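Listed below, chain by chain, are the residues.
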Amino acid sequence: MSLREEVIEALIKAHIPSPRLEADIILKHAAPSYPDMSQEERQNALQMLKRRLNHEPMDKILGYREFYKSVFKVSRDVLSPRPDTEILVESALELIAKNEVVKILDLGTGSGCILLSLLKENPQAMGTGVDVSAKALEIAKENAKALNLLSQTTFVNKSWTEPDFITETYDIIVSNPPYIPTEEIATLSTEVKDNDPLSALDGGADGLKCYLEIAEIAPSLLTTGGHILLEIGYNQAEDVIKIFENQGFKLVKAVQDLAQINRCVILKK
Ligand code: GLN
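Heads up: these notes are all about the structure in this document.

For the coordinates displayed, the defined rule picks out two aromatic pairs. When the ring of Phe-67 is compared with that of Phe-72, the centres are 6.0 Å apart and the planes differ by 70°; the resulting orientation is edge-to-face. For Phe-67, a relative accessible area of 1% gives the class buried. Measuring from ring centre to ring centre gives 5.5 Å for Phe-244 and Phe-249, while their planes differ by 75°; the resulting arrangement is edge-to-face. The ring centre of Tyr-170 lies 5.0 Å from the NZ or CZ of Lys-103, which sits over that ring.

Okay, the nonpolar core next. Among the nonpolar cores identified, the biggest contains 35 residues, and Leu-107, Tyr-211, Ile-228 and Phe-244 are the most heavily contacted of them. Mapped by element, the contributors of at least two residues to this core are strand 3 (103-107), strand 6 (170-175), helix 9 (209-221), strand 7 (222-231), helix 10 (237-245) and strand 9 (262-268). Among the elements that line this core, the one with the most residues is helix 9, at seven residues. Core analysis: the next-biggest nonpolar cluster, separate from the first, contains 29 residues, Leu-118, Leu-119, Leu-147 and Ile-266 among them.

Now for unusual backbone geometry. Among all residues except glycine, the phi angle is most often negative; among peptide bonds, the trans geometry is most common. A cis geometry characterises the amide bond from Tyr-34 onward to Pro-35, with omega recorded as 10°. Despite not being glycine, His-55 has its phi angle at roughly 65°, a positive value. You can call His-55 partly exposed: its relative accessible area is 24%. Backbone geometry at Gln-260 places phi at a positive 60°, although glycine is not the residue there.

Read across the open sheet, the seven strands follow the order 5-4-3-6-7-9-8; overall the sheet is mixed. Since the sheet does not close on itself, it has two edges, and those belong to strand 5 (153-156) and strand 8 (250-256), each with one partner. Shown here is a sheet whose adjacent strand axes are inclined to one another by a mean of 15°, direction ignored. Inspection of the sheet shows strand 6 paired to strand 7 by five bridges, in the parallel sense. By the bridge assignment, Val-174 is partnered in strand 7 with Leu-229. Along the sheet face, helix 7 (residues 134-146) touches strand 4 (126-130) and strand 5 and points at about 175° away from the line of strand 5.

Bringing the pattern of salt bridges into the picture now. As enumerated under the stated definition, the model contains 16 salt bridges in all. Of the charged contacts, one joins Glu-22 and Arg-52 as a salt bridge, the two residues approaching to 2.6 Å between their closest N and O atoms. In this pair, Glu-22 is assigned in helix 2 (residues 19-30) and Arg-52 in helix 3 (residues 39-53), connecting sequence segments 30 residues apart. The same class applies to Glu-22 and to Arg-52, which are both buried. We note a salt bridge from Asp-84 to Arg-263, for which the minimum N-O separation is 3.7 Å. Of this pair, Asp-84 sits in the loop between strand 2 (70-73) and helix 5 (86-95) while Arg-263 sits in strand 9; the two residues are 179 residues apart in sequence, bridging distant segments of the chain. Classification of Asp-84 as partly exposed rests on a relative accessible area of 33%. Since its relative accessible area comes to 12%, Arg-263 is described here as buried. Residues participating in the shared-partner salt-bridge network are Asp-84, Glu-231, Asp-257 and Arg-263.

What counts and what doesn't
Residues numbered from 1 in each chain as written. Predicted model: local features only at pLDDT ≥ 70, side-chain atom pairs only at ≥ 80, totals over all residues. Heavy atoms only, no water. Phe/Tyr/Trp six-rings, centres within 6.5 Å; stacked < 30°, edge-to-face > 60°. Buried < 20%, exposed > 50% of the residue type's maximum accessible area, 1.4 Å probe, protein only. Lys NZ or Arg CZ within 6 Å of the ring centre and 35° of its normal. Core = buried A, V, L, I, M, F, W, Y, C linked by side-chain atoms within 4.5 Å. Helix = DSSP H or I, 4+ residues; strand = E, 2+ residues; numbered from the N terminus. Pairing = 2+ DSSP bridges. Axes fitted to C-alpha atoms, helices over the stretch in contact; angles between N-to-C directions. Contact = heavy atoms within 4.5 Å. Salt bridge = Lys/Arg side-chain N within 4 Å of Asp/Glu carboxyl O.

Below, the structure is given as structure tokens:
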């Protein structure tokens, strides 16, 4: 049996979806000239396979993931960028006119994938990425550097619950905060619950804790007429809209994903 066949069979046995695709990703990464390979390359491929059989997600094994139009470094210190979140990026881009000098604030920036994707499309925009995790911000900074965006970006290692944590105002706030209700976390796949940081998933007892916190600070962080765009859980649109309406925001729209689930809400101050 070839190494490729061996890898595919092991992935199938472990019920990993897309075993052929993943086998090819492993071989391309570990042994780029496969089937020509050194002993070391073979060992590296088997090591990657072992990690994947333990349900570590492929992006965390590779150390990078594609999101929107760029490749982002990832680690266990950041939530892996999800395709769903590209909806938030696309929605925010629709709000920014070409060459507009906008200021963008990303609350809980993690890998920086949302903020940096927006800045890359808008060379005149300036962005601030906030995260309570210093380790996450290290990754975000590396991504900003790799994408040549350091001059457009400021990173702030604070919790948004600290009083006066930022005193500037912004035209756009984006956030994909933790929104999974605490007791649902145990039901998530191993790939997610054991490999994404808990602090990026856990949205408190009802999953809405961060939206309440953000709704309190958002009015003083936004310019008049400014927008806030939030990723939300599959059943949270109504609650999140209400939370922000209570703080004087007006709903612009909820944006659905391809499965027609509300994924993102846009509100205006
Ligand atoms: N979308 C992620 C998931 O379902 C959760 C991300 C988050 O809480 N912001 O695993």
